[in-house]
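Observations on the three-dimensional arrangement
So the chains spell out like this:
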Amino acid sequence: MKTGISATVIVLAAAASCAYAQPSDHNSLAAGVNRTVEVSFPESTTVLPPGEGAEIVNSQCVICHSAGMITRQPPLSFDQWKAEVEKMRTTYGAPLPVDQIETVARYLATINGKH
Ligand code: HEC
């Protein structure tokens, strides 16, 4: 995701420097804006380890970001994971049903928990 964003910035910067070098040449600005760029995204094949709740997390939590966003976090307690899952729902709009919050938090505390 971040790779895509920085690629856009590169294109805009190229267009801007183009315009700066030749302020009166509008065609070169357009050429810069319309340029095609190659973007390669990093591999994202991480699947979370099996366990109760793994299927929910593998389907519900990777809609917006990779599983690595979860596994690369420092270990959290059950309550902290619960708060994190709540945040995904309320702040970011994750469509996780309320009755699955605890199952998910318990699973996350099992695979990446602190006691
Ligand atoms: C609707 C989109 C969406 C869904 C679904 C979603 N997340 Fe997120 N998540 C985000 C966004 C946006 C960020 C912040 C990304 C950033 O800062 O680069 C994030 C970040 C995180 C982080 C990093 C710490 C933080 O708070 O920024 C964790 C851990 C996380 N999500 C866990 C989960 C879990 C577990 C689920 C499943 C219950 C989930 N996410 C589902 C959007 C979502």
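Residues numbered from 1 in each chain as written. Predicted model: local features only at pLDDT ≥ 70, side-chain atom pairs only at ≥ 80, totals over all residues. Heavy atoms only, no water.

- As annotated in an unreviewed UniProt entry, the chain carries the name Cytochrome c and comes from Paraburkholderia silviterrae.

1. Details of the overall build of the chain
- In terms of regular secondary structure, the chain is built from six helices and zero strands.
- If you list the helices and strands of the chain from N to C, you get α-α-α-α-α-α.
- Out of the 115 residues in the chain, the part that is buried amounts to 23%.
- In the structure as shown, the chain presents an accessible area of about 8000 Å², 59% of it carried by carbon and sulfur atoms. (Helix = DSSP H or I, 4+ residues; strand = E, 2+ residues; numbered from the N terminus. Buried < 20%, exposed > 50% of the residue type's maximum accessible area, 1.4 Å probe, protein only. Areas by Shrake-Rupley, 256 points an atom, 1.4 Å probe, with all protein chains shown as cover.)

2. Structural notes on the confidence of the model for the chain
- Averaged over every residue, the pLDDT of the chain is 79; residues scoring 70 or more account for 68%.
- Put simply, helix H1 (residues 2–21) is where the chain has its lowest mean pLDDT, 43, and helix H5 (residues 78–90) is where it has its highest, 98.
- In the predicted structure, residues 1–21 sits below a pLDDT of 50 and forms 20 contacts with residues beyond four places in sequence or in another chain. (pLDDT = per-residue confidence, 0-100. Contact = heavy atoms within 4.5 Å.)

3. Points about the coordination of the iron atom of the ligand
- In this structure, His-65 (NE2) and Met-88 (SD) serve as the protein donors to the iron atom of the ligand, at separations of 2.1 to 2.2 Å.
- Seen from the iron atom of the ligand, its six donor atoms lie at angles of 86 to 180 degrees, and the figure they make is octahedral. Taken as a pair, His-65 in the loop between helix H3 (54–60) and helix H4 (68–71) and Met-88 in helix H5 lie far apart in primary sequence, 23 residues in all. (Donors = N, O, S within 2.8 Å, 3.2 Å for Na, K, Ca; no water. Tetrahedral: all angles 85-135°; square planar, octahedral: opposite > 155°, others 65-115°.)

4. Notes on the site of the ligand
- By nearness alone, 17 residues border the ligand, and Cys-61, Cys-64, His-65, Glu-84 and Met-88 come closest of all.
- Residue His-65 places a side-chain N or O atom 2.8 Å away from a nitrogen atom belonging to the ligand.
- Glu-84 is positioned such that a nitrogen or oxygen atom in its side chain is 2.6 Å from an oxygen atom of the ligand.
- Among the elements of the structure, H4 and H5 are those that each provide at least two residues to the shell around the ligand.
- If one sorts the elements of the shell around the ligand by residue count, H5 sits on top with five residues. (Near = heavy atom within 4 Å. Polar contact = N/O pair within 3.5 Å; in protein donor to acceptor, adjacent residues only side chain to side chain.)

5. Description of the nonpolar core
- In terms of nonpolar packing, the biggest core is built from 17 residues, with Val-57, Trp-81, Val-104 and Leu-108 touching the most fellow members.
- Mapped by element, the contributors of at least two residues to this core are H3, H5 and helix H6 (101–111).
- The biggest single contributor to this core is H6, with six residues.
- Discounting chain neighbours no more than four positions away, the residues touching Val-104 are Ile-56, Val-57, Val-85 and Leu-96. (Core = buried A, V, L, I, M, F, W, Y, C linked by side-chain atoms within 4.5 Å.)

6. Looking at a nonpolar patch on the surface
- A contiguous nonpolar patch, built from Val-37, Val-39 and Phe-41 and spanning about 250 Å² of accessible area, is present on the exposed surface.
- For Val-37, the position within the fold is in the loop between helix H2 (26–34) and H3.
- Among the residues examined, Val-37 registers a relative accessible area of 37% and is labelled partly exposed. (Patch = residues over 30% accessible without salt bridge, like charges linked within 9 Å, V, L, I, M, F, W, Y side chains within 5 Å. Salt bridge = Lys/Arg side-chain N within 4 Å of Asp/Glu carboxyl O.)

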